[in-house]
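Working through the structure, step by step
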Amino acid sequence: MDYSKFMDDNFDAKEWVNSAFRCQREPGVSLDQHATTMVMKLQMLIQEVNNILEEASQQALQNLPRVVRELDAVKQESTLLQDQMRAVKQDIESVEKNTAQSMQTLLTLDEIKSRMKMTSDALKEADNWTTLSSDMEEVFQSQDIEKITEKLSGMQQSLQILVDTPDYMEKCQHLEKLKNRLEALVSPQLIAAFNSQNLEDTQRFTHIFEEMGRLPQLYKYYHKCCKTQILQSWKTIVETHSAGKLQEWMTELYDLLHSTWHLQIMWTSAVFKEPVPVIVDMLSDALLTLDPSLSSCFNSHLQQSSDILDALVELKQGSDRFAKSIETAVEAYLTDTAAEASSLERLLQAVYQPYRPYLVKYKVFEEVALSKALDNVRLDHEEVFDTVQLLSESVNKIFSAANMSNDRCRKLSNGCCYRALLEAYKTFFASYTREFRRVLVNIREKCRAGGTNEVEDWSHFQHSLRIIQTCGCLLMSMQDLDKQLITTILQTLAPLLQSWDYSRKHISRIQTLSFQASLFLSSEDEREALVAFVKKLEDGDTPSVLTEVMTDLGRLSEDVHKFAFEIVFAQLKNYLSNVSTMEVWTSQSSGGALTSDLPTFSMAPQEYITKIGQYLMTLPQHLEPFTIQDSPALTIALRHSKLPYTSEQEPPEHLADLWLESVARGTMHVFGEEMLKIPQLTSHGTKQLITDLEYLTNVLDDLGLQTSETLTQIDALLRARPEEFSERAELMPQRLAHTIASTRGLDV
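These numbers come from a predicted model, not from an experiment. (Residues numbered from 1 in each chain as written. Predicted model: local features only at pLDDT ≥ 70, side-chain atom pairs only at ≥ 80, totals over all residues. Heavy atoms only, no water.)

**Considering the overall build of the protein chain**
Threshold: Elements are defined by DSSP. Helices are runs of H or I of four residues or more, strands are runs of E of two residues or more, and each kind is numbered from the N terminus. The classification of residues rests on relative accessible area computed with a 1.4 Å probe and restricted to protein chains. Under 20% of the type maximum is buried, over 50% is exposed, and intermediate values are partly exposed. Throughout, a contact is declared for two residues whenever any of their heavy atoms are within 4.5 Å. Accessible surface is estimated by sampling points in the Shrake-Rupley manner with a 1.4 Å probe; for residues, cover comes only from the protein chains shown.
Per the secondary structure count, the protein chain includes 27 helices and two strands. Expressed as a percentage of its 748 residues, the buried residues of the protein chain come to 41%. Contacts in the protein chain between residues at least 24 apart in sequence constitute 75% of all its contacts with a sequence separation of at least 6. Accessible surface computed for the protein chain: about 41,500 Å², of which carbon and sulfur atoms make up 52%.

**A short note on the packing of helix 6 (residues 215–240) against helix 8 (residues 275–288)**
To be explicit about the condition: To obtain an axis, a line is fitted to C-alpha atoms, over the contacting stretch when the element is a helix, and the angle between two such axes runs from 0 to 180 degrees between their N-to-C directions. Oblique is the label for any angle not under 35 degrees, not over 145, and not in the 65 to 115 range, which are roughly parallel, roughly antiparallel and roughly perpendicular in turn. Each helix crossing is assigned a hand: it is left-handed if the near helix lies turned anticlockwise from the far helix by less than a right angle, otherwise right-handed if that turn is clockwise.
Remark: helix 6 packs on helix 8, axes separated minimally by 9 Å, with the N-to-C direction vectors making an angle of 45 degrees. Taken together, the axis directions place helix 6 and helix 8 in an arrangement best described as oblique. Handedness of the crossing formed by helix 6 with helix 8: right-handed. Within the contact between the two elements, helix 6 uses Tyr219, Tyr222, His223, Cys226, Lys227, Ile230 and Leu231 and helix 8 uses Val278, Ile279, Asp281, Met282, Leu283, Asp285 and Ala286.

**As for the environment of Leu440**
Here Leu440 lies in helix 15 (residues 418–449). Sequence spacing of Leu440 and Val560 is 120 residues, and the spatial spacing of their C-alpha atoms is 7.7 Å. When residues no more than four places from it in sequence are discounted, the contact partners of Leu440 are Ile467, Asp559, Val560 and Phe563.

**Thoughts on unusual backbone geometry**
With an omega dihedral of 0 degrees, the bond running from Asp291 to Pro292 counts as a cis peptide bond. Along the chain, Pro292 turns up in the loop between helix 8 and helix 9 (294–303). Notably, Asn414 is not glycine yet its phi reads approximately 55 degrees, a positive angle. Examined against the element boundaries, Asn414 turns out to sit in the loop between helix 14 (384–413) and helix 15.

**Some thoughts on the state of the cysteines**
As a reminder of what qualifies: Counting rule for disulfides: a pair of cysteine sulfur atoms within 2.5 Å.
What the rule picks out here adds up to zero disulfides. Free of any disulfide, Cys409 has its nearest neighbouring cysteine sulfur in Cys417, separated by 5.6 Å. Of all cysteine sulfurs, the one in Cys473 lies closest to Cys471, which takes part in no disulfide; the gap is 9.3 Å. Since its relative accessible area comes to 1%, Cys471 is described here as buried.

**Let's talk about the layout of surface pockets**
Think of a ball as big as a water molecule: rolled over the atoms, this probe shows where empty space is left. Filter applied, for reference: Residues are said to line a cavity or pocket when one of their atoms sits within 4 Å of a point; the points come from a 1 Å grid over protein atoms alone, cavities being sets where a 1.4 Å probe fits but cannot get out and pockets being open sets with protein on both sides within 12 Å along at least five of seven lines. Grid points are joined across faces, edges and corners, and a volume is the space filled by probe spheres set on the points. Here the nonpolar group is Ala, Val, Leu, Ile, Met, Phe, Trp, Tyr, Cys and Pro; Asp, Glu, Lys and Arg are the charged ones; every other residue, Gly included, is treated as polar.
By volume, the largest pocket is sized at about 560 Å³. Lining the largest pocket we find 21 residues, and of these Asp320, Tyr352, Asn414, Gln511 and Gln516 sit closest to its centre. Elements supplying a minimum of two residues to the lining of the largest pocket: helix 10 (308–331), helix 11 (338–352), helix 14, helix 16 (454–493) and helix 17 (513–520). The element best represented in the lining of the largest pocket is helix 10, accounting for six residues. In terms of residue class, the lining of the largest pocket is built from nine nonpolar, six polar and six charged.

**Some words on the packing of aromatic side chains**
Cut-off, in case you're wondering: In summary, the pairing rule links any two rings of Phe, Tyr or Trp, Trp by its six-membered ring, whose centres are within 6.5 Å, and it sorts them by plane angle into stacked for under 30 degrees, edge-to-face for over 60 and tilted for everything else.
Applying the stated rule across the entire model yields 17 aromatic pairs. Measuring from ring centre to ring centre gives 6.0 Å for Tyr432 and Phe436, while their planes differ by 70 degrees; the resulting arrangement is edge-to-face. With Tyr432 and Phe436 both in helix 15 and four residues apart, the pair spans about one turn of that helix. Members of the aromatic cluster, connected to one another through ring pairs, are Phe298, Tyr352, Tyr355, Tyr358 and Phe520.

**With respect to the environment of Gln349**
You can see Gln349 is positioned in helix 11. Residue Gln349 is classed as partly exposed on the basis of its relative accessible area of 21%. Separated by 166 residues in sequence, Gln349 and Phe515 have C-alpha atoms that sit 9.4 Å apart. Ignoring anything within four residues of it in the chain, the contact list for Gln349 reads Arg356, Phe515, Ser518 and Leu519.

**What to know about the pattern of salt bridges**
To keep it simple, the criterion reads: The term salt bridge refers to a side-chain nitrogen of Lys or Arg lying within 4 Å of a carboxyl oxygen of Asp or Glu.
In total, this model carries 27 salt bridges according to the counting rule given. Note that Arg438 and Asp380 form a salt bridge whose closest N and O atoms lie 3.5 Å from each other. Remark: Asp380 occurs in the loop between helix 13 (362–375) and helix 14 and Arg438 occurs in helix 15; sequence separation between them is 58 residues. Taking the relative accessible area as the measure of exposure, Arg438 reaches 36% and is therefore partly exposed. Residue Glu673 pairs with Arg735 through a salt bridge whose shortest N-O separation is 3.0 Å.

**Quick word on a nonpolar patch on the surface**
Stated formally: Patch definition: residues with relative accessible area over 30% and no salt bridge; like charges joined within 9 Å; nonpolar side chains (Val, Leu, Ile, Met, Phe, Trp, Tyr) joined within 5 Å.
Together, Met103, Leu106, Leu109, Ile112 and Met116 make up a nonpolar patch on the protein surface, roughly 510 Å² of accessible area in all. Of note, Ile112 is situated in helix 2 (residues 31–142).

**Some thoughts on the nonpolar core**
Inclusion rule: As used here, the term nonpolar core means buried Ala, Val, Leu, Ile, Met, Phe, Trp, Tyr and Cys residues forming a set that is joined through side-chain atoms within 4.5 Å.
Ranked by internal contacts, the top residues of the largest apolar core, which has 184 residues, are Trp261, Tyr425, Phe429 and Phe671. Ignoring anything within four residues of it in the chain, the contact list for Phe429 reads Ile398, Phe399, Ala402, Met478, Leu481, Val549 and Asp552.

**A closer look at the side chain of Lys316**
Residue position: Lys316 is located in helix 10. For Lys316, a relative accessible area of 0% puts it in the buried group. Excluding anything up to four places from it in sequence, Lys316 contacts Tyr352, Tyr355, Lys411, Leu412, Ser413, Asn414 and Phe520.

**Observations concerning the packing of helix 7 (residues 246–268) against helix 9**
Taken N-terminus to C-terminus, the directions of helix 7 and helix 9 make an angle of 155 degrees; their axes are 11 Å apart at the nearest point. Viewed along their axes, helix 7 and helix 9 adopt a mutual orientation that is roughly antiparallel. Considering the relative orientation of helix 7 and helix 9, their crossing is left-handed. The segment helix 7 lies against helix 9, with Leu246, Gln247, Trp249, Met250 and Leu253 engaging Leu294, Cys297, Phe298 and His301.

**Examining the side chain of Gln247**
Looking at the element boundaries, Gln247 is found in helix 7. A residue is classified by how much of its surface remains accessible, and Gln247, at 15% relative accessible area, is buried. The residues contacting Gln247, other than those within four sequence positions of it, are His301, Glu314 and Leu315.

**As for the confidence of the model for the protein chain**
Here is the rule we go by: Every residue is assigned a pLDDT by the predictor, reflecting its confidence on a scale from 0 to 100.
Scored by pLDDT, the protein chain comes out at a mean of 82, with 82% of its residues at no less than 70. Mean pLDDT per element in the protein chain: strand 2 (residues 593–594) is the minimum at 42, and helix 13 is the maximum at 94. Confidence over residues 500–507 falls short of pLDDT 50; this stretch has 11 contacts with residues more than four positions distant or in other chains.

**Side note on the environment of Ser544**
Tracing the sequence through the fold places Ser544 in the loop between helix 18 (524–539) and helix 19 (547–576). In the structure, Ser544 is positioned 65 residues away from Gln479 in sequence and 8.8 Å away in space, judged by C-alpha atoms.

Dropping the structure here:
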């Protein structure tokens, strides 16, 4: 029977009984028998536990007096110990009081001892310096480099102790002279070790220079050896491929630099503690000291190129490939040190150094390139139809040139010259719109020279509609170019504004906009202006980068609309030109008959006004291009301009309605002004003028247009009887009232 369960803290009697009956019952034994056996065993166990408890109690009672005696003894010993500790404390206080002066004396003596020891060490080091210094000449004569290094190291150590001596500076100068002698002694062997890449010798010399504290001088020797090999190889490339292109020279140079990196990093990793900045600085130095220099090669190459920008883009593509590959190769060995990051930055600066002098003049170069593109776009022709066709075809050509400039800017400067490109765009499109206006003047002169009959005028009007559509295409293309520029700038430059958050800290500086701008922009002000410009674009503070160009194109569109209006209105203006001087206004009768008493409806409108009515009635069919085709170009052209005699508002659904309104309002305005110029109106003349005016009102009503307020007021003043004229005139504008009164010979 397992009795260990009774000692568990969470003992459950029911569970134990069930388990005992389930697991401990023998086969063939009934439950009653098994229960009886279990009870007997438990009773025996209880009896045994009782016996054990009784024995333990008896033993405890017997031991209790002894425990009490031992506790009394411990109490007495504790009291005695307390008395002794009190006595010791009094003794200590007495000793401290009696020996305070002695302890101060001991401290003073210990300080004196320390100073004496320091003086002794200084004297020993001074003596050691003197001994080493006197032995140096003999050691140098032995040419034993290790011994010389050891002696110099000892002198360097002694010199650290002798910092406060009066002749410390003289000792430093003397030590430097000895180091120079050792450097001069080992430099031939060091150069030979670098040239042959003898690992053992190089490591030994590196240790020597490190002991002397002259590792920078060691790196200079290394730079000189490796750089000399690169410069010699470059000279060989130039001489061997003298008839080749600069791109081929640069490709071989970059291959040479790339292979040099891989060869040197494997070898120097076993020599220098931080090999990356040593090798990268050497490559930078080599690039900047090439003979002939890349800058001079660029000058010679570009002087022979017909297009400087395209030639620079072609050269830079090779530089970009090298910069990306060498940056990737260097990053594999970076350990996040400032020296490594700075050396990589200097290398990239050296790679793009030849481009910076040309990018300073990028705006000028781009203006020349765009000017050449504009010169190749023909805009004028002897025939008006062909000229209009050339203007329409010019849109795709000039924006193709603009898109090529955008692509050049991105490839040549990684987007850093976009501000200069925008300035070049302003010059380019200003030149184009100036040429466009010149051509428009020529077309106007040809239209005037062609006569004023209706057929020719409507033909010219169709040409003007095509020119308006061309303006709309210009505006639409300009909007697309504006959006494309903003998108490209943000995609190219905006991510560089956030690059300080990159986890790879050693490239955070390289991936910033300020550093990328420094590769291509020489001026700090230009770099800061570029960063501010990109930030404004990213924040949405600059919704357009070609606002001035869009404004100029809007003015051009307005000029074209005025030109088209003049063509349409020329015939109407011709009909109205002699209205004020017609004899009918001063005649007393028509055809010898007395007509003063005839009613107005019995009179017929004159020929000039019927021609105007017929012209206006045929106008809608000539405005069909506005109705039969949904032309976004015509709509946007009108949105950026304004037709004469119309108010500034959103264009209606059908542009033909706005044109019809413009021509009609122009007609009413000129007709009204002509009526006010009539010097005298007889009764017959007044009735005739009312008839003509009524005819025009009916025509306008048929066209769905309202008569202007001025014509309505003139009509009211003309119809007023003499006796009621003054009363009606009070409600009219003074200018109209006085003019009509004077013309009719009435008093106001």
